[in-house]
Amino acid sequence: MRLAKRIGKLPPYLFVEISRKIAEKRAKGQDVVSFAIGDPDIPTPAHIIARLQEATLDPANHRYPESDGLPELRQAIAEWYEKRFGLAFDPNKEVLPLIGSKEGIGHIALCFIDPGDVALVPDPGYPVYSVGTMFAGGEVIFLPLNEQNDFLPDLEQVPPEIAQRAKLLWLNYPNNPTAAIAGLDFFEKAVAFAKKYDLAVCHDGPYSEVAFDGYQPVSFLQAPGAREVGVEFHSLSKSYNMTGWRIGMVVGNATMVDALMRVKSNLDSGIPQAIQLAAIAALRGPQDCIAEHNTTYQRRRDRLVEVLQKLGLRVNKPLASLYVWAGIPQGYTSADFTAQLLEETNVVVTPGTGYGPSGEGYIRLSLTIPDDRLEEGLKRLASWRPFQK
Ligand SMILES: *Cc1c(COP(=O)(O)O)cnc(C)c1O
């Protein structure tokens, strides 16, 4: 048999590689501490699970769901956006539930990208933006994020001939992996750029509820004119510790939402209904779990940043997201640093280059690690050879 070229073009999925190495070590009986994956260690809140359990007993939820989700879920999403960001959306035209936001992020390329078309993608960035583009036959042009530009793409630096060819612009704040945040002023610039070059904006915002020190992230859709040019992807994964249940949403421009709905209705049959009902319970129920989780993450952030700074790593204390983005000592590539750290201490961190070439010189550490494991990991890091003078 002959596989399609696109399979050969796929980069190894970073986390699959890392999981394989961890599994190998654990099979040998070694104790591995992992800061690698952004997957909340805290369980889904009990009231959400209770609704899910109850919903599984109802035979109505045993059948095919609708591709565009339960009307009540679309309504609950619209209400949540209204309550959280003061924005009103038509639940039947501007809201679409997704099988986890990753699914929609991957598929929306099929709505915009024909072979040879260009998508502008942040570098470093969540790998699905580029892979979705590649699957559709498109070309990725990276927009570098770095310390000089506060990890915000400098849209004025995009050459006009490239901007004219581009059909999609990907953005993601609070950002994975850099933990950077964006204000409305930046989103306003993105809207103006999109209007000038007639491109669509996809803002990926799964970390809008994971924030510290009283900071409240804004929505891209709060920028005036945003819904004329773009959508926002969102997820219950990080807000409500629901990564395993696979449910997210896209909200905003009706033409974009409709195009994605048409693609999806040809590929999937929606989200299991019991999970949709659990999501409604999450969105409409008590929201105190968010602040509680953030208190835990903030405490871990403080410990992590304190130790990394003491070791001389370049770190800014993040105001949001589940990550700490740290500059590594000179003389190492990200890949060498992470490989040696794993080999010599059984501590796993992700190399910045796993998210794109501009991640060189950085590592990412996740806050989704229980406190005792975090302390064990920090202890090993602090006593590791490169940090002994
Ligand atoms: C976790 C994450 C997602 C995906 O979330 P799901 O809804 O679980 O698919 C999307 N984008 C970024 C940047 C993420 O970190």
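What you see is a predicted model; the values in this text were computed from it and never measured.

Novice: Looking at this structure, how should I read the nonpolar core?
Specialist: The tendency in soluble globular proteins is for nonpolar side chains to be buried as a group. In terms of nonpolar packing, the biggest core is built from 63 residues, with Tyr 81, Leu 120, Leu 169, Phe 193, Leu 236 and Tyr 240 touching the most fellow members. For this core, the leading source of residues is helix α13 (residues 273-284), giving eight residues. Each of domain 1 (5-44 + 289-388) and domain 2 (46-284) contributes no fewer than three residues to this core. Leu 308, Leu 311, Ile 328 and Trp 384 belong to the second largest nonpolar core, which has 31 residues in total.

Novice: Would you mind showing me how to read the side chain of Thr 178 here?
Specialist: When you line up the elements, Thr 178 lands in the loop between β5 (166-172) and α9 (184-197). Among the polar contacts listed, one links the side chain of Thr 178 to the side chain of Asn 175, at a separation of 2.7 Å. Those residues within four positions of Thr 178 in sequence are excluded, and the remaining contacts are Pro 124, Phe 151 and Trp 325.

Novice: Is there a simple way to explain the state of the cysteines in this structure?
Specialist: Linking two cysteines covalently via their sulfur atoms produces the bond known as a disulfide. Overall, the coordinates contain zero disulfides when judged by the stated rule. The structure places no disulfide on Cys 111, whose sulfur is separated from the nearest cysteine sulfur, that of Cys 202, by 8.7 Å. For Cys 111, a relative accessible area of 22% corresponds to the partly exposed category.

Novice: Please explain the domain arrangement of the protein chain as it appears in this structure.
Specialist: Note on interface size: it is often stated as the accessible area lost on association of the parts. Domain parsing of the protein chain yields domain 1 (5-44 + 289-388) and domain 2 (46-284). Just the C-alpha atoms count here: the centres of domain 1 and domain 2 sit 25 Å apart. Where domain 1 abuts domain 2, roughly 3200 Å² becomes buried across the two surfaces, and 61% of that area is made up of carbon and sulfur atoms. It is Thr 44, Leu 319 and Tyr 355 that lose the most area in domain 1 upon contact with domain 2, and together they represent 22% of the buried surface on that side. At the boundary of domain 1 and domain 2, one finds two salt bridges. Arg 314 is the salt-bridge partner of Glu 147, the closest N and O atoms lying 3.0 Å from each other. At the junction of domain 1 and domain 2, the tally comes to 18 residue pairs in polar contact (both at pLDDT 80 or more). Of all the elements in the fold, those that place two or more residues in the side of domain 1 that touches domain 2 are α1 (5-9), α14 (288-310), β10 (323-327) and β13 (362-366). Tallying contributions element by element places α14 first for the side of domain 1 that touches domain 2, with seven residues. When the residues that make up the side of domain 1 that touches domain 2 are grouped by side-chain class, the tally is 19 nonpolar, 11 polar and six charged.

Novice: Honestly, the sheet that holds strand β6 (residues 200-204) in this entry has me stumped. Any pointers?
Specialist: In a beta sheet, neighbouring strands are held together by backbone hydrogen bonds and run either parallel or antiparallel to one another. If you walk across this open sheet you meet the seven strands as β2-β8-β7-β6-β5-β3-β4, and the pairing is mixed. At either end of the open sheet lies a strand with only one pairing partner, and these are β2 (95-98) and β4 (139-144). The sheet shows a mean angle of 25° between the axes of neighbouring strands, taken without regard to direction. Sheet analysis places β6 next to strand β7 (residues 230-235), joined by four bridges and oriented parallel. What sits directly across from His 203, in β7, is Glu 232. Packing against the sheet, helix α12 (residues 254-265) makes contact with β2, β6, β7 and β8 (248-252), and its axis sits at approximately 35° to β2.

Novice: Just to check I follow, could you spell out the pairing of β10 for this structure?
Specialist: Each regular strand displays side chains that alternate between the two surfaces of the sheet. Across the five residues of β10, five count as buried, placing the element largely inside the fold. Where burial is concerned, the two faces of β10 agree: the one with Tyr 323, Trp 325 and Gly 327 and the one with Val 324 and Ala 326 are both buried. Pairing analysis gives two bridges linking strand β9 (residues 314-315) to β10, with the strands arranged antiparallel. Each residue of the ladder has a partner; that of Val 315, found in β10, is Ala 326. One ladder, built from five bridges, connects β10 with β13; its direction is antiparallel.

Novice: I'm lost on the sheet that holds β13 in this one. Help?
Specialist: The strand order across the open sheet built from four strands is β9-β10-β13-β12, with neighbouring strands paired in antiparallel fashion. Edge positions in the sheet fall to β9 and β12 (350-351), since each of these pairs with one other strand and no more.

Novice: Looking at this structure, I do not really get helix α15 (residues 334-345). What am I missing?
Specialist: Helical periodicity: at 3.6 residues per turn, an α-helix aligns residues three or four positions apart in one direction. With 12 residues, α15 ought to run about 16 Å at 1.5 Å a step, and its terminal C-alpha atoms sit 16 Å apart, in line with that. Taken together, the buried positions of α15 are Ser 334, Phe 337, Thr 338, Leu 341, Leu 342 and Thr 345. Buried residues of α15, seen end-on, are gathered within an arc of 125° and therefore sit on one face of the element. After α15 finishes, the residue Asn 346 shows a positive phi value of roughly 60°.

Novice: Teacher, can you tell me more about the layout of surface pockets here?
Specialist: The gaps of empty space that remain are located by a probe, the size of a water molecule, rolled over the atoms. Its volume calculated, the largest pocket comes out at about 660 Å³. When residues of the lining of the largest pocket are traced back to their parent elements, those giving at least two are α5 (101-107), β3 (118-123), α7 (128-135) and β4. Per-element accounting of the lining of the largest pocket gives the leading share, six residues, to α7. A class-by-class count of the residues in the lining of the largest pocket yields 16 nonpolar, 10 polar and three charged.

Thresholds applied
Every residue gets a number counted from 1 within its own chain, in the order that chain's sequence is written. Per-residue local features of the predicted model are confined to residues with pLDDT of at least 70, and side-chain atom pairs are confined, for both listing and counting, to 80 or more; whole-chain, interface and lining totals are unaffected and use all residues. Note that water and hydrogens are dropped before the side-chain values are worked out from all heavy atoms of the structure. Definition used in this section: a nonpolar core is a set of buried Ala, Val, Leu, Ile, Met, Phe, Trp, Tyr and Cys residues joined via side-chain atoms within 4.5 Å. Burial classification: accessible surface area is computed with a 1.4 Å probe over protein chains only, and a residue below 20% of its type maximum counts as buried, one above 50% as exposed, and the rest as partly exposed. Each helix is a run of H or I in the DSSP string that is no shorter than four residues. Each strand is a run of E no shorter than two, and both are numbered from the N terminus. Here the limits of each domain have been adopted from an automatic or database domain assignment. Any pair of N or O atoms that falls within 3.5 Å is considered a polar contact. Within protein, one atom must be able to donate a hydrogen and the other to accept it, and sequence-neighbouring residues count only if both atoms are side-chain atoms. Residues count as neighbours in contact if any of their non-hydrogen atoms are within 4.5 Å of one another. Two cysteine sulfurs form a disulfide in these notes if their separation is within 2.5 Å. Two parts placed together each lose some accessible area; with a 1.4 Å probe, that loss summed over both constitutes the buried area. Any carboxyl oxygen of Asp or Glu within 4 Å of a side-chain nitrogen of Lys or Arg constitutes a salt bridge here. Each residue is assigned to one class: nonpolar for Ala, Val, Leu, Ile, Met, Phe, Trp, Tyr, Cys and Pro, charged for Asp, Glu, Lys and Arg, and polar for all the others, Gly among them. For two strands to be treated as a pair, DSSP must find at least two bridges joining them. Think of each axis as a best-fit line through the C-alpha atoms, taken over the contacting stretch in the case of a helix, with angles from 0 to 180 degrees between the N-to-C directions. By definition here, a helix of n residues has an expected span of 1.5 Å times n minus one. The arc in question is the one traced by the directions running from the helix axis out to the C-beta atoms. Within this scheme a cavity is a closed region of a 1 Å grid, computed over the protein atoms alone, that accommodates a 1.4 Å probe without allowing it to escape, whereas a pocket is open but has protein on both sides within 12 Å along at least five of seven lines; lining residues each have an atom within 4 Å of a point. Grid points are joined across faces, edges and corners, and a volume is the space filled by probe spheres set on the points.

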